[in-house]
Amino acid sequence: MKKLTILLLILTLGFLSAEAKKEKEDDKKQILNPSLFNGLTWRSIGPAFVSGRIADFAVNPENHSIYYVAVASGHIWKTTNNGITFSPVFDNYGVYSIGSLAMDPNNNNVVWAGTGENNHQRALGYGNGVYKTIDGGKSWKNMGLKESRHIGEILIDPRNSNVVYIAAEGSAWGPNEERGVFKTTDGGKTWDNVLFISENTGVANLSFDPSNPDVIYAGAEQRRRRQFGKIGGGPESAFYKSTDAGKTWNKLEKGIPKVDKGGMEIVVS
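Small disclaimer: the values here were computed from a predicted structure and weren't measured.

A. Examining the packing of aromatic side chains more closely. All chains considered together, the criterion is met by eight aromatic pairs. Their ring planes at 70° and their centres at 6.1 Å tell us that Tyr-67 and Phe-86 sit as a pair that is edge-to-face. Here the residue Tyr-67 occupies a position in strand 2 (residues 67-71), and Phe-86 occupies one in the loop between strand 3 (76-79) and strand 4 (87-88), the gap between them amounting to 19 residues. Accessibility expressed as a relative area gives 14% for Tyr-67, which makes it buried. Arranged with centres 5.0 Å apart and planes meeting at 90°, the rings of Phe-90 and Tyr-131 form a pair that is edge-to-face. With Phe-90 in the loop between strand 4 and strand 5 (98-103) and Tyr-131 in strand 7 (residues 130-133), this pair connects stretches of sequence that are 41 residues apart. The exposure class of Phe-90 is buried, given its relative accessible area of 0%. Feature note: the residues Phe-90, Tyr-93, Tyr-131 and Trp-140 constitute an aromatic cluster, connected by ring pairs. Residue placement shows Arg-149 over the ring face of Tyr-126; its charged tip is 4.2 Å from the ring centre.

What follows is the structure, given as structure tokens:
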């Protein structure tokens, strides 16, 4: 009798265990039913904290409702309705960090973009050269200087659209040669390094004298990112001036502090 009772108890427990297992599997199927997720959809919650680094603008002088925005950590955006809506125009070119923009003063469909942000962030986005669009941002072509890493400024000669100057900062993390001021006279097909300071110092900023584009000011910046911090200046940081469209440069020293300096820019009224 005892053996029969034990056998019935084992069978009952086995049945209950199988029922519990079945119920658990049914519950799992119910929990993972795709219909339960129909109410979940993606929605925008606005920019995150680190997306706020706006590097540059390029505004159409004939229609101020049309302009481009360079985001240091998020490509290039274009608006045609004065910022009510924006469209991404640079998502598929292998680089997300933008440092500078310049619209051709003679053709507002031509825009130059320098990749690699002009900042000292710990999360510093670098680029792969300078790009150009001739169709209002629909397509872009890489015009070279791929090792310049960070492009701080682009100047287009208002008298000749084929003459363009690039302020190349170079790598933030180590020495490299593709730094300084580069100039093209053929629309970006070839480049000349018209101002080179050293493998540790590039040029972050450029500006024309608006009354004479042959007069150019350059702000050279010596800097270095390290794992433990930032070296944001050095003895090679300086101002340079050219009066012959970049053929020769003079270092400006009169009235300028002799101490080590960081990033600087001269803008002519």
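Picking up where we left off.
B. View of the environment of Tyr-126. On the secondary structure map, Tyr-126 appears in the loop between strand 6 (111-115) and strand 7. Once the C-alpha coordinates of Tyr-126 and Ala-72 are considered, the two residues, 54 residues apart in sequence, prove to be 9.3 Å apart.

C. Molecular detail of the sheet that holds strand 2. Strand order in the open sheet made by the four strands is 1-2-3-4, with antiparallel pairing throughout. The two strands at the open ends of the sheet, each matched to only one other strand, are strand 1 (54-59) and strand 4. Relative to strand 3, strand 2 runs antiparallel, the two sharing four bridges. Bridge pairing links Ala-70 to Ile-76 in strand 3.

D. Main features of the sheet that holds strand 5. Across the sheet, four strands lie side by side as 5-6-7-8; this open sheet has antiparallel pairing. In this open sheet, the two strands that pair with only one neighbour each are strand 5 and strand 8 (141-142). Bridge count for strand 5 against strand 6 is five bridges, and the pairing is antiparallel. In the sheet register, Met-103 faces strand 6, and the bridge partner there is Val-111.

E. The arrangement of the pattern of salt bridges in detail. As enumerated under the stated definition, the model contains four salt bridges in all. A salt bridge links Arg-53 to Glu-117; its shortest N-O distance comes to 2.9 Å. Highlighted residues: Arg-53 in the loop between helix 1 (2-31) and strand 1 and Glu-117 in the loop between strand 6 and strand 7, separated in sequence by 64 residues. Residue Arg-53 is classed as buried on the basis of its relative accessible area, which comes to 17%.

F. Spotlight on the side chain of Arg-179. With respect to the helices, strands and loops of the structure, Arg-179 is situated in the loop between strand 10 (164-168) and strand 11 (180-184). Buried within the structure, Arg-179 lacks any salt-bridge partner; Glu-169 is the closest side chain of opposite charge, at an N-O distance of 7.4 Å. Within the structure, the side chain of Arg-179 is placed 2.7 Å from the backbone oxygen of Glu-169, a separation counted as a polar contact.

G. Region of the structure containing the nonpolar core. Of all hydrophobic cores here, the largest spans 16 residues; its most connected members are Tyr-165, Val-181, Val-203, Leu-206 and Ala-218. Each residue touching Val-181, except ones within four places of it in the same chain, is listed here: Tyr-165, Ile-166, Asp-192, Asn-193, Val-194, Leu-195, Val-203, Leu-206, Ala-218 and Trp-249.

Thresholds applied
Residues numbered from 1 in each chain as written. Predicted model: local features only at pLDDT ≥ 70, side-chain atom pairs only at ≥ 80, totals over all residues. Heavy atoms only, no water. Phe/Tyr/Trp six-rings, centres within 6.5 Å; stacked < 30°, edge-to-face > 60°. Helix = DSSP H or I, 4+ residues; strand = E, 2+ residues; numbered from the N terminus. Buried < 20%, exposed > 50% of the residue type's maximum accessible area, 1.4 Å probe, protein only. Lys NZ or Arg CZ within 6 Å of the ring centre and 35° of its normal. Pairing = 2+ DSSP bridges. Salt bridge = Lys/Arg side-chain N within 4 Å of Asp/Glu carboxyl O. Lys, Arg positive; Asp, Glu negative; His and termini not counted. Polar contact = N/O pair within 3.5 Å; in protein donor to acceptor, adjacent residues only side chain to side chain. Core = buried A, V, L, I, M, F, W, Y, C linked by side-chain atoms within 4.5 Å. Contact = heavy atoms within 4.5 Å.

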